[in-house]
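Structure assessment
These are the residues of each chain, in order.
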Amino acid sequence: MALEDYKRDMEGCSRCSSCKWVPFNQIKSWRFAKNCPSICRYNFHAYSGSGKMIIGNSILEGRSELNDAVTEIIFRCQLCGACDAACKVYRDDIDLTEVLLELRAHCIEEGQLLVEHMAVIDALKREDNVLGEPKAKRGEWADGLPLKDINTEQCEVILHAGCRYCYDPDLRDTVRGQAQLLLAAGVDVGIAGAEESCCGGRAYEMGYRGEAENYADDLLSRVKASGARVLVTGCADGYAHLRYLYPRMGKELPCEVLHITQYAERLIEQGKLRLSREVPLLVTYHDPCHLGRMSEPFLTDWTDDKLQRPMSLKRSGRKGIFDTPRNIIASIPGMELAEMERIREYAWCCGAGGGVLEAFPDFAAWTAAERLEEAAATGAEALVTACPWCERVFRDAAAESGMELPIYDLVDLALISAGMAEPAQV
């Protein structure tokens, strides 16, 4: 697809500004009523979903052209999907997120590049990860764990760690915990270790589609060779890309793709993971954009009149992974959940997505701080999520503001309840 393929979507935008707000029947208070970090931060219509639709259509019709200022507006967006989810409540014949993605690809095609994103792509090409860390060290997180090497052995389940978990020292215990959880349940699990590469999703979101396809081909070949029937990942970004982006590119994996929370819930239901130790904690849960509204599986690129598109083929954001994390929280004895006002498909973004963390770290930090304020307003003792990018940006924002709100990965708390980690970590 290309930008011109979405001309009717752009022309159909009625400029109602619903993309800027949580749907009105879901608003609990004025303070937490907005849903788009970009328009909320910069307060000029061009930064909204609707504004970018106008920009795209204007470029197509030759009424305006790309320049550095317009390019920056296009990329000051986390691609969180909140505008699309709100828009579809009123106009389900418009695919706003797809327009935003096509705008970015158009920028790359026209040579309008962000220096910071070019550095990320250079790192990908050099070290196969978006952090620019040495490829040879990618598998060090698993040192000492009896995991199979999928490069030489076949296995039932592949654990794809993802870039952030592999290299972030603060999150290393979490990904080791994911592996230990699978091993303790008797799962035949393997990893690619130092040969694991980025899924390519971030490159796609930055507009670099050729690079994204290359990494999809790499992962596809590894999965085929491994003989695995299931791929599990703890990276919410990677999960969404494997579920939606890969099939859309014609690179669908020949196995079931699950987020670690889904696999953990399955193990709980099978009695292979027993959560029996009390964890007396009042928590609030942050829905990661890529695990929630952005994780709906790809169904089809509808090319006919979208007014005739069946509801079953519309990407509304409502069919993401929302219940599973909450079910796990409910399964942990002593743990209580206090919900924020913006939740599920209308959750506020953590700020780290869409290349914003790399190019506009101040904007990412501002977005995270807004979510932390919402979390603190619940009275919760801790914020729990299920995405390493969310954890990273929340921890940094909390430290910068001096807010004493612990940030936890849901798997870490499940391991404590299962007796596989020490309660002192809470």
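Of all hydrophobic cores here, the largest spans 132 residues; its most connected members are Trp141, Leu182, Leu231, Leu253, Tyr263 and Phe394. The element best represented in this core is helix α6 (residues 96-109), accounting for 7 residues. In contact with tryptophan 141, other than residues within four places in its own chain, are Leu147, Leu159, Ala161, Cys166, Arg172, Val175, Arg176, Ala179 and Ile191. Core analysis: the second largest hydrophobic core is formed by 5 residues, Ala82, Cys289, Met294 and Cys349 among them.

Where charged atoms from two side chains of opposite charge come close, those side chains can pair. Counted according to the given criterion, the structure contains 41 salt bridges. Via salt bridges that share partners, Asp9, Asp84, Lys88, Asp95, Lys306 and Arg309 belong to a single interconnected network.

Bringing the packing of aromatic side chains into the picture now. Counted under the stated rule, the structure contains 6 aromatic pairs. Its guanidinium or amino end placed over the ring of tryptophan 389, arginine 164 lies 4.5 Å from that ring's centre, counting from NZ or CZ. In this arrangement the basic side chain of arginine 315 is found over the ring face of tyrosine 244, its NZ or CZ atom lying 3.6 Å from the centre.

Viewed as axis vectors pointing N to C, helix α16 (residues 361-376) and helix α17 (residues 388-401) meet at an angle of 80 degrees, and their least axial separation amounts to 9 Å. Taken together, the axes of α16 and α17 are roughly perpendicular relative to one another. When α16 is examined against α17, the residues Ala364, Ala365, Ala368, Ala369, Arg371 and Leu372 are found in contact with a partner set consisting of Val393, Phe394, Ala397, Ala398 and Glu400.

All right, on to a negative patch on the surface then. Where like charges cluster on the molecular surface, the negative patch consists of Glu4, Asp5, Glu109 and Glu110. Its place among the elements puts glutamate 110 in the loop between α6 and α7 (115-127).

What follows concerns a nonpolar patch on the surface. Residues Phe24, Ile27, Val89 and Tyr90 make up a contiguous nonpolar surface patch of about 360 Å² in total accessible area. Residue placement: valine 89 occurs in helix α5 (residues 82-90). Look at valine 89 and you get partly exposed, because its relative accessible area is 33%.

Within the secondary structure, arginine 342 sits in the loop between β7 (335-337) and α15 (356-359). Judged by relative accessible area, arginine 342 falls into the buried class, the value being 2%. Polar contacts involving the side chain of arginine 342 include one to the main-chain carbonyl oxygen of lysine 34, which spans 2.6 Å. For arginine 342, the contacting residues outside a window of four places in its chain are Val22, Phe32, Lys34, Ala347, Trp348, Glu370, Arg371 and Glu374.

On to the sheet that holds strand β8 (residues 382-385), then. Spatially, 4 strands are ordered β7-β6-β8-β9 in an open sheet, and the strand pairing comes out parallel. Each having just a single partner strand, β7 and β9 (407-409) make up the two edges of the open sheet. On average, each strand axis in the sheet is tilted by 40 degrees relative to the strand beside it, whichever way the strands run. Here 3 bridges tie strand β6 (residues 281-285) to β7, and the two strands are oriented parallel to one another. Paired with leucine 281 across the bridge in β7 is methionine 335.

Next up on the list: helix α9 (residues 172-184). In this model, α9 (13 residues) spans 18 Å end to end at C-alpha, consistent with the 18 Å of a helix rising 1.5 Å per residue. Taken residue by residue, α9 has Thr174, Val175, Gly177, Gln178, Ala179, Leu181 and Leu182 as its buried positions. Glycine 186 sits one or two positions beyond α9 and adopts a positive phi of about 80 degrees.

About the criteria used
Residues numbered from 1 in each chain as written. Predicted model: local features only at pLDDT ≥ 70, side-chain atom pairs only at ≥ 80, totals over all residues. Heavy atoms only, no water. Core = buried A, V, L, I, M, F, W, Y, C linked by side-chain atoms within 4.5 Å. Buried < 20%, exposed > 50% of the residue type's maximum accessible area, 1.4 Å probe, protein only. Helix = DSSP H or I, 4+ residues; strand = E, 2+ residues; numbered from the N terminus. Contact = heavy atoms within 4.5 Å. Salt bridge = Lys/Arg side-chain N within 4 Å of Asp/Glu carboxyl O. Phe/Tyr/Trp six-rings, centres within 6.5 Å; stacked < 30°, edge-to-face > 60°. Lys NZ or Arg CZ within 6 Å of the ring centre and 35° of its normal. Axes fitted to C-alpha atoms, helices over the stretch in contact; angles between N-to-C directions. Parallel < 35°, antiparallel > 145°, perpendicular 65-115°, else oblique. Patch = residues over 30% accessible without salt bridge, like charges linked within 9 Å, V, L, I, M, F, W, Y side chains within 5 Å. Areas by Shrake-Rupley, 256 points an atom, 1.4 Å probe, with all protein chains shown as cover. Lys, Arg positive; Asp, Glu negative; His and termini not counted. Charge placed at Lys NZ, Arg CZ, Asp CG, Glu CD. Polar contact = N/O pair within 3.5 Å; in protein donor to acceptor, adjacent residues only side chain to side chain. Pairing = 2+ DSSP bridges. Expected span 1.5 Å × (residues − 1).

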